[in-house]
Amino acid sequence: MKPAAEGGDTPIADSRRIFNRIDPAIRKRFMQKKVMYVRNYGAGLDLHWEQVFQTTSRAEVEDYCRSAGIEFEWKGESRLRTRQLCQAVAAHPSTGEMVWFNQAHLFHVSSLSEAVRETFSEEFSEEDLPRNAYHADGSAIDASMLDEIRHVYQQESTRFAWREGDILMMDNMLSAHGRAPFIGQRKVLVGMTQLFSNQDI
């Protein structure tokens, strides 16, 4: 609808190539230990739980979390902590190809700049960080492994600059995608078709 004045490109990477290029030892560890995403809503950073869940009802949030297999914990009047265990890889339901299928490299605190990490460490305990990722058993993910994964993404990504009227159609499992920082107003409309749940894999 409206490209940014500057930046805002959408990097795209083939999740099959990501899977194949990641060091086999790292891939094996993630396949065995999976990923746990931890989010803290309402700490004054990131999005509030009302925005994410599109409701002001705690009961609706709890129902959604139970149905999606998400652990939840209310912290005081306005804060919510969630934990979600997810697979690290997946077999595509149509092609059977293996794809890298997680966002640990984005959620993990090591994705932040050193200055931001230092500020967060002064204000929050590790468990209260707005976002973080662990292995599913709660053990720490080695930051060096995530650096390697980020490097693979950078090597495999291609970018394009949006133009008004552009349409992008993609298979969200075969293709990873992101958004580069931008300046000015930017508006991209998103429509989803069939969702593929964690339980289907």
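What you see is a predicted model, and the numbers here were worked out from it, not measured in a lab.

Peer 1: Just to check I follow, could you spell out helix α4 (residues 58-68) for this structure?
Peer 2: Because the α-helix completes a turn every 3.6 residues, residues three or four places apart line up on one side. Residues of α4 that are buried include every one of Val61, Glu62 and Cys65, and no others. Taken around the axis of α4, the buried residues stretch over an arc of 95°, which confines them to a single face. For α4, the secondary structure elements touched by its buried residues are α3 (49-53), β4 (70-75) and β5 (79-86). The N-capping residue of α4, defined by a side-chain oxygen 3.3 Å from the backbone nitrogen of Ala59, is Ser57.

Peer 1: What is the right way to look at the nonpolar core in this model?
Peer 2: Among soluble globular proteins, nonpolar side chains are generally buried collectively. Ranked by size, the top nonpolar core spans 22 residues in total, and within it Phe30, Trp100 and Ile149 carry the most contacts. Top contributing element to this core by residue count: helix α7 (residues 143-156), with five residues. Look past the residues within four positions of Ile149 in its chain and what remains in contact with it is Ile22, Ile26, Phe30, Trp100 and His105. Core analysis: the next-biggest nonpolar cluster, separate from the first, contains eight residues, Tyr41, Val61, Ile70 and Trp74 among them.

Peer 1: Whenever I open this one, the environment of Val190 confuses me. Can you help?
Peer 2: Along the polypeptide, Val190 turns up in the segment after β10 (182-183). On the basis of relative accessible area, Val190 is assigned to the exposed category, the value being 68%. In this structure, the C-alpha to C-alpha distance between Val190 and Val35, residues 155 residues apart in sequence, is 26 Å.

Peer 1: In this structure, what is going on with the side chain of Arg150? I would like to understand it.
Peer 2: Mapped onto the elements of the fold, Arg150 is located in helix α7. Judged by its relative accessible area of 15%, Arg150 is buried. Those residues in contact with Arg150 that sit more than four places away from it in its chain are His105, His108, Ser110 and Ser111.

Peer 1: What exactly am I supposed to notice about the side chain of Asn132 here?
Peer 2: With respect to the helices, strands and loops of the structure, Asn132 is situated in strand β8 (residues 131-134). Under the relative-accessibility criterion, Asn132 is labelled buried at 4%. Within the structure, Asn132 has its side chain in polar contact with the side chain of Tyr134 (distance 3.4 Å). Leaving out residues up to four positions away in the same chain, Asn132 has contacts with Met36, Tyr37, Val38, Phe107, His108, Val109 and Glu126.

Peer 1: Is there a simple way to think about the pattern of salt bridges in this case?
Peer 2: Opposite charge on two side chains makes pairing possible when the charged atoms of those side chains draw close. Counted by the stated rule, this structure contains 14 salt bridges. Across the pair Glu73 and Arg83 runs a salt bridge, and its minimum N-O distance is 3.7 Å. Taken together, the residues span a long stretch of sequence, with Glu73 in strand β4 and Arg83 in strand β5 at a distance of 10 residues. Accessibility expressed as a relative area gives 25% for Arg83, which makes it partly exposed. One connected set of salt bridges, linked through shared partners, spans Glu73, Lys75, Arg79, Arg81, Arg83 and Asp128.

Basis of the calculations
Residues numbered from 1 in each chain as written. Predicted model: local features only at pLDDT ≥ 70, side-chain atom pairs only at ≥ 80, totals over all residues. Heavy atoms only, no water. Buried < 20%, exposed > 50% of the residue type's maximum accessible area, 1.4 Å probe, protein only. Helix = DSSP H or I, 4+ residues; strand = E, 2+ residues; numbered from the N terminus. Arc of directions from axis to C-beta. Contact = heavy atoms within 4.5 Å. Polar contact = N/O pair within 3.5 Å; in protein donor to acceptor, adjacent residues only side chain to side chain. Core = buried A, V, L, I, M, F, W, Y, C linked by side-chain atoms within 4.5 Å. Salt bridge = Lys/Arg side-chain N within 4 Å of Asp/Glu carboxyl O.

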